[in-house]
Amino acid sequence: MASASGQSAALSAEQAKVVLAEVIQAFSTPENAVRMDEARDNACNDMGKMLQFVLPVATQIQQEVIKAYGFSCDGEGVLKFARLVKSYEAQDPEIASLSGKLKALFLPPMTLPPHGPPSGGSVAAS
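An account of the accompanying structure is given in this report. Small disclaimer: the values here were computed from a predicted structure and weren't measured.

1. Points about the layout of surface pockets
Considering only enclosed or pocket space, the largest pocket measures out at about 280 Å³ in volume. Taken together, 15 residues make up the lining of the largest pocket; nearest its centre are Gln62, Ala82, Leu102, Lys103 and Phe106. Going through the elements one at a time, helix H3 (47-66), helix H4 (75-89) and helix H5 (93-106) are the ones with two or more residues in the lining of the largest pocket. If one sorts the elements of the lining of the largest pocket by residue count, H4 sits on top with seven residues. Per-class residue counts for the lining of the largest pocket are nine nonpolar, three polar and three charged.

2. Focus: unusual backbone geometry
The phi dihedral of Cys44 is positive, around 50 degrees, even though this residue is not glycine. Tracing the sequence through the fold places Cys44 in the loop between helix H2 (30-43) and H3. The residue Asn45 is not glycine, and still its phi comes out positive at about 60 degrees. Relative to the helices and strands, Asn45 resides in the loop between H2 and H3.

The rules behind these values
Residues numbered from 1 in each chain as written. Predicted model: local features only at pLDDT ≥ 70, side-chain atom pairs only at ≥ 80, totals over all residues. Heavy atoms only, no water. 1 Å grid on protein atoms, 1.4 Å probe; cavity = no way out; pocket = protein on both sides within 12 Å on 5 of 7 lines; lining within 4 Å. Points joined across faces, edges and corners; volume = space filled by probe spheres on them. Helix = DSSP H or I, 4+ residues; strand = E, 2+ residues; numbered from the N terminus. Nonpolar A, V, L, I, M, F, W, Y, C, P; charged D, E, K, R; others polar.

Encoded structure:
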């Protein structure tokens, strides 16, 4: 029996680029920009609050776009889309770039601690 949804969200690299570009564009619509700004303000750069406020809004914005391409309109659809994009990143620099832009829209820039020996820890001798 044939599946009711013609394509079950299996996108080619070219289609993935189109969808990624549409998702990024969706973040810049005035209403979505306001939603994201409010969520970021509520999160105050606190990672736990980012997960609580920013991630759900970012997920909803992505869902609104990707459901037109056969992805389910829930968190699982967004995860499948993210995995699909990840699978193309290594082969396609344009997809890697678009994916980086998308992540930058809802993930705060991470500041890494300087690398060096861990402080306060002693190395166990064997």
